[in-house]
Amino acid sequence: MGESTENFWDKILEEMMNNIQDPNEFSGKIGMSVVLLLLLICLEWLFHQLWRKIIEDVKMLNIVGTITRFLLRSLFLISLTRLWLNALDTLLIVLIFIGLVLSLAIKGLISNVA
């Protein structure tokens, strides 16, 4: 039982690595994107629960939660961009990423003024 489980995980990991390295394998990249999204959601929920138990001050909880979400989402975007970098036009991905960062910065400036 243990050997078959180990072989199963080895095959999955090998297939995922082949999908990442082959730019024409879109189904593998889509699957990895879904896995990354699920990981992001789970980590955000985990950190939210952790910070609620550790920090009692509501203002500090909001600050730490916001910073944590920003860092997790930035890492998600960087890893997602890295995953799709070989499959799509690099310039298009970089422009979308820059546009997203600029839109978040402008949103932050507008919310600070209001």
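Higher on the page you've got the structure.
Calculation rules
- Residues numbered from 1 in each chain as written.
- Predicted model: local features only at pLDDT ≥ 70, side-chain atom pairs only at ≥ 80, totals over all residues.
- Heavy atoms only, no water.
- Helix = DSSP H or I, 4+ residues; strand = E, 2+ residues; numbered from the N terminus.
- Contact = heavy atoms within 4.5 Å.
- Polar contact = N/O pair within 3.5 Å; in protein donor to acceptor, adjacent residues only side chain to side chain.
- Salt bridge = Lys/Arg side-chain N within 4 Å of Asp/Glu carboxyl O.
- Buried < 20%, exposed > 50% of the residue type's maximum accessible area, 1.4 Å probe, protein only.
- Patch = residues over 30% accessible without salt bridge, like charges linked within 9 Å, V, L, I, M, F, W, Y side chains within 5 Å.
- Areas by Shrake-Rupley, 256 points an atom, 1.4 Å probe, with all protein chains shown as cover.

S.K.: How would you summarise the overall build of the protein chain if you had to cite specific residues and measurements?
M.R.: Counting its secondary structure elements, the protein chain contains four helices and zero strands. Scanning the protein chain from its N terminus toward the C terminus, one meets helices and strands in the order α-α-α-α. Within the protein chain, counting contacts between residues at least 6 apart in sequence, those at least 24 apart form 54% of the total.

S.K.: I'd like a description of the side chain of Thr-68, backed by residues and values.
M.R.: Position of Thr-68 relative to the elements: it lies in helix H3 (residues 58-84). Within the local environment of Thr-68, its side chain forms a polar contact with the side chain of Trp-51, the two groups lying 2.9 Å apart. Setting aside anything within four residues of it in sequence, one finds Thr-68 in contact with Phe-47 and Trp-51.

S.K.: I'd like a rundown of the pattern of salt bridges, residues and numbers included.
M.R.: Evaluated as defined, the whole model comprises one salt bridge. Among the ionic pairs, Glu-44 bridges to Arg-73, the shortest N-O distance being 2.7 Å. With Glu-44 in helix H2 (residues 26-54) and Arg-73 in helix H3, this residue pair connects regions lying 29 residues apart in the sequence. A residue is classified by how much of its surface remains accessible, and Glu-44, at 18% relative accessible area, is buried. Residue Arg-73 is classed as partly exposed on the basis of its relative accessible area of 43%.

S.K.: Give me a nonpolar patch on the surface: which residues, what numbers.
M.R.: Together, Met-60, Ile-63, Ile-67, Phe-70, Leu-71, Leu-100 and Leu-104 make up a nonpolar patch on the protein surface, roughly 650 Å² of accessible area in all. Of all the secondary-structure elements, those providing two or more residues to the nonpolar patch are H3 and helix H4 (90-113). With five residues, H3 is the largest single contributor of residues to the nonpolar patch.

Such coordinate-based values are descriptive only and should not be taken to indicate function.
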